[in-house]
Amino acid sequence: MKLSHVRLLAIGCSARAWHRSAPLPNSAAFSCGGGIRFSWRGNRYSTSMSRGRRRPTAVGTGLDTELQGSQQDEVQNRDGEGKLKIIYDEVFLKHRPPPGHPHPECPARVSTARSELDRLEGIEWATPSSLQSEKGRERTLAAIERVHNPEYLEEVLRVCAKGGGAADFDTYICPDTFEVCIAASSAWMDAVESAAGGSPAFALARPPGHHATAGVGMGFCLVCFAAVAAFHALDALGCGRVAILDFDVHHGNGVAALVKGDARIRYCSIHQGGIFPGSGGAEDSGPLGNLKHLQFFGVDETWETYEPRFEEAVEWLAEFMPDLVLVSAGYDALEADELATASLQPKDYGRMGKRLKEVFGSKVAFGLEGGYNLQVTPVAIRATVEPFLCAGA
Ligand SMILES: [Zn+2]
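Since the structure is predicted, the reported quantities are computational estimates derived from the model, not experimental observations.

*Asks:* Before we move on, could you go through the overall build of the chain and cite the residues and values that matter?
*Replies:* Helix and strand counts for the chain come out as 10 helices and 10 strands. The buried share of the chain, taken over its 393 residues, is 53%. Considering only contacts in the chain between residues 6 or more positions apart, those separated by 24 or more positions represent 80%.

*Asks:* Please set out the packing of helix 9 (residues 346–360) against helix 10 (residues 376–385) residue by residue, giving values where relevant.
*Replies:* Running from N to C, helix 9 and helix 10 point in directions that differ by 25°, and their axes come no closer than 7 Å. Considering the angle they form, helix 9 stands roughly parallel to helix 10. In this structure, helix 9 crosses over helix 10, and the sense of that crossing is right-handed. Facing helix 9, whose interface residues are Pro346, Lys347, Tyr349, Gly350, Met352 and Gly353, helix 10 presents Val376, Val379, Ala380, Ala383, Thr384 and Val385. Of the residues assigned to the contact of helix 9 with helix 10, the class counts are eight nonpolar, three polar and one charged.

*Asks:* Tell me about the pairing of strand 10 (residues 364–368), and name the residues and values.
*Replies:* Of all five residues that make up strand 10, five are buried, and the element is covered over most of its length. Burial along strand 10 is two-sided: Val364, Phe366 and Leu368 facing one way and Ala365 and Gly367 facing the other are all buried. Where strand 5 (residues 201–203) lies against strand 10, three bridges are found, and the strand directions are parallel. Paired with alanine 201 across the two strands is alanine 365, which belongs to strand 10. For strand 9 (residues 324–329) and strand 10, the ladder comprises five bridges, and the chain directions are parallel. For leucine 326, the partnering residue across the bridge sits in strand 10 and is alanine 365. Once you follow strand 9 into helix 9 and on to strand 10, the crossover reads as right-handed.

*Asks:* Describe unusual backbone geometry, with residues and values.
*Replies:* Here the bond from arginine 206 into proline 207 is cis, since omega is 0°, no more than 30 degrees from zero. Looking at where proline 207 falls in the secondary structure, it is placed in the loop between strand 5 and helix 6 (225–235). For the bond running from phenylalanine 276 to proline 277, omega is 5°, close enough to zero to count as cis. The topology assignment puts proline 277 in the loop between strand 7 (265–272) and strand 8 (291–296). Here methionine 321, not a glycine, exhibits a phi torsion of approximately 50°, which is positive. If you trace the backbone, methionine 321 turns up in the loop between helix 8 (303–318) and strand 9.

*Asks:* Now, about the sheet that holds strand 6 (residues 242–246): what can you tell me, with residues and values included?
*Replies:* Taken together, the eight strands give an open sheet; going across it, the order is 2-1-5-10-9-6-7-8, and neighbouring strands pair in parallel fashion. The strands lining the two open edges of the sheet, one partner per strand, are strand 2 (123–126) and strand 8. Each neighbouring strand pair of the sheet contributes to a mean axis angle of 15°, computed without reference to strand direction.

*Asks:* Pulling in residues and values, what's your account of the environment of leucine 131?
*Replies:* Take leucine 131: it is sitting in the loop between strand 2 and helix 3 (134–147). Expressed as a C-alpha distance, the spacing of leucine 131 and isoleucine 182, which sit 51 residues apart in the sequence, is 9.1 Å. The residues contacting leucine 131, other than those within four sequence positions of it, are Asp89, Val91 and Ala183.

*Asks:* Lay out the pairing of strand 7 in plain terms, naming residues and giving numbers.
*Replies:* Burial of strand 7 is extensive: eight of the eight residues sit out of reach of the surface. Here strand 7 shows a buried face lined by Ile265, Tyr267, Ser269 and His271 and a second buried face lined by Arg266, Cys268, Ile270 and Gln272. Bridge analysis of strand 6 against strand 7 gives five bridges, and the strand direction is parallel. Residue pairing for strand 7: valine 242 is matched across the bridge by isoleucine 265. One crossover worth recording links strand 6 to the parallel strand 7 by way of helix 7 (residues 253–259), and it is right-handed. As paired strands, strand 7 and strand 8 are joined by six bridges and run parallel to one another. Paired with tyrosine 267 across the two strands is leucine 291, which belongs to strand 8.

Rules and cut-offs
Residues numbered from 1 in each chain as written. Predicted model: local features only at pLDDT ≥ 70, side-chain atom pairs only at ≥ 80, totals over all residues. Helix = DSSP H or I, 4+ residues; strand = E, 2+ residues; numbered from the N terminus. Buried ≥ 20, exposed ≤ 12 C-beta atoms within 10 Å, placed from the backbone. Contact = placed C-beta atoms within 7 Å. Axes fitted to C-alpha atoms, helices over the stretch in contact; angles between N-to-C directions. Parallel < 35°, antiparallel > 145°, perpendicular 65-115°, else oblique. Left-handed = near helix turned anticlockwise from the far one by under 90°. Nonpolar A, V, L, I, M, F, W, Y, C, P; charged D, E, K, R; others polar. Pairing = 2+ DSSP bridges. Right-handed = clockwise from strand over helix to strand, strands pointing away.

This is how it looks when you write it as structure tokens:
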């Protein structure tokens, strides 16, 4: 077994670091042998390409919000369209840190958000399609393989089969981790499928994904869901251009690495510089110029200083005229979050959600990345989605 795909990393996590009492056990678990074999499909898109393929109606991007509104009303007046969909399942609670090793990336991140969102009316709750049919599972596996090296995925499976371990010093793997990642991938894919059809969606899934590269799990991430979903939109849903906005406080190095070679995608990240993963400098626009990195370094980044960066990101993505916008929605730029030093408030995420709705209409899909404060993150998620609870719901 080649281990080059699962390099162990030892990079500090953040400026205001999360301190564990002890390293995760079996942190070199990828060296284990044996385990189960996973049969990757050679005919990778035989299912997804023939099912549900459609050309989405062009979304009125740019900053013409008046036109946007009329297009949106038209969409929302159609039966069932325009309603906010949230994809969630209790399977997301099964990815758990080892007993005795409390970890900020924990199941309560999504269960508390689920409880908060349950208070809203007008939401369509859905379970990931991979849990509903074998077809759904197969197309999800194919989409994951589109992004990640088979050798790497087999290693993750191997660690799951032996009872768990870790990809790096703070990225744990438990027996159910791979199954959770399949369901989470499906949730993100379902979200873009919903958004491409005119209904905004939020994948309330975990773990986060934006640090995972093709062959390396790191920073709590094992599968890069944003990349999986973006390529699914392009290759299986007929989208011509996909914009990704990443407002997690950390740079989405995995997403950037995976999409920088494809001009059909624009990726913009707003993140704190000088913390994990240490990449995402302003000078890095990628070989095709389809990356934009907006960094801040102040320890007290508030909406006053954040808003101009957010507007720059929105304008850059809007001029791309994307068929849909995928948001890597991380909530660790909240003041209450201990993994970074930004000072955003839940209402600021409401401002971002409102602006995204104004500019991109209903063709917006969110997927949960970071955000580790169990009291404030759910409130911020709720603030993000409330602007998408539309009259058509
Ligand atoms: Zn983060």
